[in-house]
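Reading the structure
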Amino acid sequence: EAGVTQSPTHLIKTRGQQATLRCSPISGHTSVYWYQQALGLGLQFLLWYDEGEERNRGNFPPRFSGRQFPNYSSELNVNALELEDSALYLCASSIRLAPAKNIQYFGAGTRLSVL
Amino acid sequence: AQKVTQAQTEISVVEKEDVTLDCVYETRDTTYYLFWYKQPPSGELVFLIRRNSFDEQNEISGRYSWNFQKSTSSFNFTITASQVVDSAVYFCALSEASFGNEKLTFGTGTRLTIIP
């Protein structure tokens, strides 16, 4: 069974540009989470989508946005990129049914570099 | 607010030694989940264990064992007879159990290096 897949692996942008990161969850998983892992800041929760709806949002500015498609894949968009947006962006998926309920399985991440 | 503290930033041990990674958490919720994840150099977070707040039984899985103590708000992870492949960053995490609040709150991680 395929795990969580993220694309691209690496992304290089310049300040002010927009970045789009993609995530495909494990088959059967309806929830997708996004986390940012920036140097010195640790792993921080960004966004959570479930059944196509945004369910929760971390303490990030509105230029971080996303969506979840009918096939449960998800996209994270970062507008007006700033240098401090450089980080590893991790996507995770989970299923709402026991016994695996609430266990988040992660992809390998997209490393975004803003120059 | 939830908080997870991993006081050990880096640990180095010689192969075959036992090592314990500490995790202390804070939450006002009565029902919550605790997790351990491993992050090898590839970057992917690998799920190791989830523990429900109502289940204080210790768990053993091969060379890995976990000690959950609600009285001290700790969820420690022990690797027995460590191997080089255990070298990674290990994260302890906490989440609420109620719908809408399942985001993970992570500790800052412990970088474990196993010396051959």
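Described in the following lines is the structure provided in the data block. (Residues numbered from 1 in each chain as written. Chains lettered and ligands numbered in written order. Predicted model: local features only at pLDDT ≥ 70, side-chain atom pairs only at ≥ 80, totals over all residues. Heavy atoms only, no water.)

Turning our attention to the overall build of chain A. On a plain count of helices and strands, chain A comes out with 0 helices and 11 strands. Order of helices (α) and strands (β) in chain A, N terminus to C terminus: β-β-β-β-β-β-β-β-β-β-β. Scaling as 2.2 N^0.38, a compact globule of 115 residues should have a C-alpha radius of gyration of about 13 Å, and chain A matches this with 14 Å. For chain A, the spread of C-alpha atoms along the principal axes amounts to about 45 × 25 × 25 Å. Taking all 115 residues of chain A together, the buried fraction comes to 50%. Sequence-distant contacts, at least 24 apart, represent 53% of the contacts inside chain A between residues at least 6 apart. Per element, the accessible surface of chain A, about 5400 Å² overall, is 51% carbon and sulfur. Charge-centre separation for chain A: the mean point of 10 positive side chains lies 3 Å from the mean point of 9 negative side chains. (Helix = DSSP H or I, 4+ residues; strand = E, 2+ residues; numbered from the N terminus. Rg over C-alpha atoms; globule rule 2.2 N^0.38 Å. Buried < 20%, exposed > 50% of the residue type's maximum accessible area, 1.4 Å probe, protein only. Contact = heavy atoms within 4.5 Å. Areas by Shrake-Rupley, 256 points an atom, 1.4 Å probe, with all protein chains shown as cover. Lys, Arg positive; Asp, Glu negative; His and termini not counted. Charge placed at Lys NZ, Arg CZ, Asp CG, Glu CD.)

What follows is about the pairing of strand 9 (residues 87–94) of chain A. All names here are of chain A. Burial analysis of strand 9 places 8 of its 8 residues in the buried class, the great majority of the element. Of the two faces of strand 9, the one carrying A87, Y89, C91 and S93 and the one carrying L88, L90, A92 and S94 are both buried. Across 7 bridges, strand 4 (residues 31–38) lies against strand 9 in antiparallel orientation. If you follow S31 over to strand 9, its bridge partner there is S94. Of the strand pairs in this sheet, strand 9 and strand 11 (residues 110–114) are connected by 3 bridges, and their pairing is antiparallel. Its bridge partner being in strand 11, L88 is matched across the sheet by R111. The pairing of strand 9 with strand 10 (residues 105–106) spans 2 bridges and is antiparallel. (Pairing = 2+ DSSP bridges.)

This part takes up the state of the cysteines. In this structure the tally under the stated criterion is 2 disulfides over all chains. One disulfide in the model links C23(A) with C91(A); its S-S distance is 1.8 Å. The sign of the -65° torsion about the S-S bond sets the C23(A)-C91(A) disulfide as left-handed. Placement of C23(A) in strand 3 (residues 19–24) and of C91(A) in strand 9 is noted, with a sequence separation of 68 residues between them. Look at C23(A) and you get buried, because its relative accessible area is 1%. By relative accessible area, C91(A) is classed as buried at 0%. Each sulfur in the disulfide pair C23(B) and C92(B) lies 2.0 Å from the other. (Disulfide = S-S within 2.5 Å.)

This next bit is on the packing of aromatic side chains. In this description, a pair of aromatic rings is defined by centroid distance and the angle of the planes. Following the criterion strictly, the structure yields 21 aromatic pairs over all chains and no others. With a centroid separation of 6.3 Å and an interplanar angle of 65°, the aromatic rings of F106(A) and F106(B) are classed as edge-to-face. Here F106(B) lies in strand 11 (residues 105–106) and F106(A) lies in strand 10, a pairing that spans two chains. Neither F106(A) nor F106(B) differs from the other in exposure class; each is buried. Taking 6.1 Å as the distance between ring centres and 55° as the angle between the ring planes, the aromatic pair formed by Y37(B) and F106(B) counts as tilted. A residue pair is termed long-range when its members are at least 10 positions apart, and Y37(B) in strand 5 (residues 32–39) and F106(B) in strand 11 qualify at 69 residues. The two residues Y37(B) and F106(B) agree in class, both being buried. (Phe/Tyr/Trp six-rings, centres within 6.5 Å; stacked < 30°, edge-to-face > 60°.)

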